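Descriptive structure summary
Next come the chains, spelled out residue by residue.
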Amino acid sequence: MWQRRIALLILPILIAASFPSPTFAARGKHESPKLINFFLGYEIKPDDPAKLAQWDIVVLDMDQTFQFPERLREIKRINPRTKLLAYVNASEVSEARFRGHPASPGARLAARIPSSWFLARSDGSRIQWWSGNWIMNASDNCPVVGGKRWNDLVAEFVRDEIMPQGIWDGVFLDAAYGDVTPFSGTNVDIDRNGLVDTPAAINASWRAGMTELIRNVREANPGIWIINNSSSAYASLTNGVLFENFPRYGFVGPFNELRDALRRNVPPKISAVNTNTNNQERPNDYRLMRYGLAATLIADGYYSFDAGDAGHHRTWWYDEYDAPIGPPRGEPRIVKGASANQPAVWVREFARGYAVVNATKDAAEVSLPGEFEKIRGTQDARTNTGAIVTRVTVPAEDGLVLLRRSDVTEVRGSAFQNGSFLQVFDMQGQRLRNAFFANRDDVPGGANVLVTDLDRDGRDEVVFAQDGLVTVRFGTGGRATFRPFGTAYRGAVELAVGQTDRSVAWELILTPASGREATTLVTDARGRVLRSWLAYRREFRGGATVGIGDFNGDGLREIVTGPGNGGGPHIRTFKTDGVPWRGGYFAFDASESGGARVAVGDVNGDGIDEIVVGSGPRAVPRIRVYDGNARLLSEFTVGTGASSDGVKPVVADIDGDGRAEILVPGQPF
């Protein structure tokens, strides 16, 4: 329940100034872990939209479209997949709504409420449970005024006032009580005849009226998402039910009720759990956070963790939220315990992970169906160690999220710096697995290295470059070394490899990384120069990065370059003979002077390569993905502050699924 927060919303209106809008790595895929945020404070600060865009669903008060409309739109701009639900109370109206700005949705709703619609005692006085919040008569015994009752007005209000704003995807109906007497007390005259009705009659009339209210909202607003709070009695009418304060009042009952609600919900099924710290600022209560999250994952619901009903205004983020375990695989199972009616240890497999929750009072050892990885985290280092495990011990009333083990950590076909700690993303910025060290013991540390079958004889060659020297170690034995940019050049050499002349063997495409003009060389495996050209003006001496791929599906390769430090983020493409192809474009703002780092691969699985561009130094570290026509396909950030080194992406299909991953170097935790 959040009535105590509504009064904070009805304050003098702030003018929403323009503000920057960085694009953060957006989730919003509605795959586990599925996240919901109840952001019900008054203010939406300038940096809040970027934070909130990380959640799959965000619930905000309906008045925020009046107070901060541009910041709500900013959430959608950053991540169009985030669903925004308007907070609407199904059975109570705050006194503060009557004092709000006349143009605000809450005040417009309050102005349409006749005094006879309030739930009353036998003496006619209004009833409140939360101080300053009046309970409405949701039953069909509510008097008809102007051809409608309260349970008609709510649906009409959502249809005519909320949804036409073009911001909301649905509504969150708070205080949809199953029985009202636990909140109103038993002195209730539900039919306003001056007599106290029996609790059974009060609750039966209430539940029938609330059923009608929710059904009316659904029929008046087809296709919207609806979550109700306070009772699962209406689960078959809504997309979801919120289970607040889990598991403060016990695990077994609410957990089983959550699973039952999800079975009955209208698709898409979005029942949710809110675990909280009971109005104490304890964001570091990792055990409690994991306990609620793991239980929610087992049930396949949406999860929220915050400070409580006076603190539903937090953007706490956890390592587990970034664990890309994907959709469930199979049903939940009890591995320790007698039945679902007693505290037990539950597990569930996911496409890319595993969840365990221990609802008992004792630690439990659980054997896993194969090798899994613990999350490598920055928060609870005792739990999220990144260890590879086949069994785990889960403490009492705790949970654990694991990643399915991938043995494939070799990077082939794309150059990387030996010893890099590579984070793994898809093209939308979704983290796909734990980061890993890309390291070859047979190559000097820090060298640029590329592994591929260069001569197409079925055996890999290892190509590496350091201090201006390129070495090719052949799969048949032997090696070739050469200095493509002369003996005086001792800087890094950027590497790419591909077919440039229709011959069987592939060629090397080389550029200096810095310190001289951006000469692009096409050489054979022994360093013989086949073609060369300048990618940028001769006066520019910042070097370049390089990639090669088929950008239009014609079977022929094109070469792409990005300037090094000191240049604008100017991307150029060439035919393999150096003739410009389809012109150039700026991957980021033209005023940026850190250049751009390019890599190439098929990151969307359509059989055609994309150009993946990383930002340069002194810019917010981010990735943009373009097609061969310079059309922006996606973008995401990998940090919030300006980077001193820039972002140098690596693109390689490390799991063999035909779709390349974007690998971004970072610092190990």
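How each quantity is defined
Per chain, the residues get numbers from 1 upward, laid out in the order the sequence is written. Local features in this predicted model are restricted to residues of pLDDT 70 or higher, and side-chain atom pairs are both shown and tallied only at a pLDDT of 80 or more, whereas totals for entire chains, interfaces and linings draw on every residue. The basis for every side-chain value is the complete set of non-hydrogen atoms in the structure, without hydrogens or water. Aromatic rings from Phe, Tyr and Trp, taking only the six-membered ring of Trp, are treated as a pair when their centres fall within 6.5 Å; an angle between ring planes under 30 degrees marks them as stacked, one over 60 as edge-to-face, and anything in between as tilted. Helix and strand labels come from DSSP, where a helix needs a run of H or I of at least four residues and a strand needs a run of E of at least two; each type is numbered from the N terminus. Accessibility here uses a 1.4 Å probe with only protein chains present; expressed as a share of the type maximum, an area under 20% marks a residue as buried, one over 50% as exposed, and anything in between as partly exposed. Charges are assigned to positions over rings by a cutoff of 6 Å between ring centre and Lys NZ or Arg CZ, combined with an angular limit of 35 degrees from the ring normal. A pair of strands counts as paired when DSSP detects no fewer than two bridges linking them. To obtain an axis, a line is fitted to C-alpha atoms, over the contacting stretch when the element is a helix, and the angle between two such axes runs from 0 to 180 degrees between their N-to-C directions. Here, residues are in contact when the closest pair of their heavy atoms is within 4.5 Å. The domain boundaries here were taken from an automatic or database domain assignment. When two parts are put together, the accessible area they lose, computed with a 1.4 Å probe and summed over both, is reported as buried area. By definition here, a salt bridge exists when the distance from a side-chain nitrogen of Lys or Arg to a carboxyl oxygen of Asp or Glu is within 4 Å. For the purposes of these results, a polar contact is taken to be a pair of N or O atoms within 3.5 Å, where, inside protein, one atom must be able to donate a hydrogen and its partner to accept one; residues adjacent in sequence count only when each atom of the pair is a side-chain atom.

Aromatic ring pairs: the centre-centre distance and the angle between the two ring planes describe each pair. Within this structure, the stated rule accounts for 26 aromatic pairs. With a centroid separation of 5.1 Å and 65° between ring planes, the pair formed by Phe255 and Trp346 is classed as edge-to-face. Residue Phe255 is located in helix H10 (residues 252-264), and its partner Trp346 is located in strand E12 (residues 345-350); the two are separated by 91 residues in the primary sequence. Phe255 gets classed as buried once you look at its relative accessible area, which sits at 1%. On the basis of relative accessibility, which here comes to 4%, the residue Trp346 falls in the buried class. Site record: aromatic cluster; members linked through ring pairs are Trp55, Tyr286, Phe305, Trp316, Trp317, Tyr318 and Tyr321. Over the ring of Phe118 we find Arg126, and its NZ or CZ is 3.9 Å from the ring centre. Arg126 extends its terminal NZ or CZ atom over the ring of Trp134, reaching a point 5.6 Å from the ring centre.

Moving on, we get to the sheet that holds strand E18 (residues 420-425). Taken in spatial order, the 4 strands line up as E19-E18-E37-E36 in an open sheet, and their pairing is antiparallel. The sheet is open, and its two edges are formed by strand E19 (431-438) and strand E36 (650-652), each paired on a single side. On average, each strand axis in the sheet is inclined to that of its neighbour by 30°, with strand direction left out of account. Where E18 lies against E19, 5 bridges are found, and the strand directions are antiparallel. Among the inter-strand pairings, Val424 is bridged to a residue of E19, identified as Arg433.

We now examine unusual backbone geometry. Cis geometry marks the peptide bond from Ser32 to Pro33, where omega comes out at -5°. Mapped onto the secondary structure, Pro33 falls in the loop between helix H1 (3-9) and strand E1 (34-38). With an omega dihedral of -5°, the bond running from Phe246 to Pro247 counts as a cis peptide bond. Phi is positive for Ser230, which is not a glycine, with a value near 90°. Counting through the fold element by element, Ser230 comes out in the loop between strand E7 (225-229) and strand E8 (240-244).

Here we take up helix H7 (residues 150-162). Looking at H7, one finds that the buried residues are Trp150, Asn151, Leu153, Val154, Ala155, Phe157, Val158 and Ile162. Looking at the buried positions of H7, the neighbouring elements they touch are strand E3 (83-89), strand E4 (92-94), helix H6 (105-110), strand E6 (170-174) and helix H9 (199-220).

So, on to the domain arrangement of the chain. Here the chain is described as being made up of domain 1 (36-319), domain 2 (336-404) and domain 3 (414-665). On the domain 3 side, the residues contacting the 7 residues of domain 2 number 5 residues. Around 440 Å² of area is buried between domain 2 and domain 3 when both sides are counted, 42% of it from carbon and sulfur atoms. Between domain 2 and domain 3 we count 0 salt bridges in total. Inspection of the region where domain 2 meets domain 3 yields 0 residue pairs in polar contact (both at pLDDT 80 or more).

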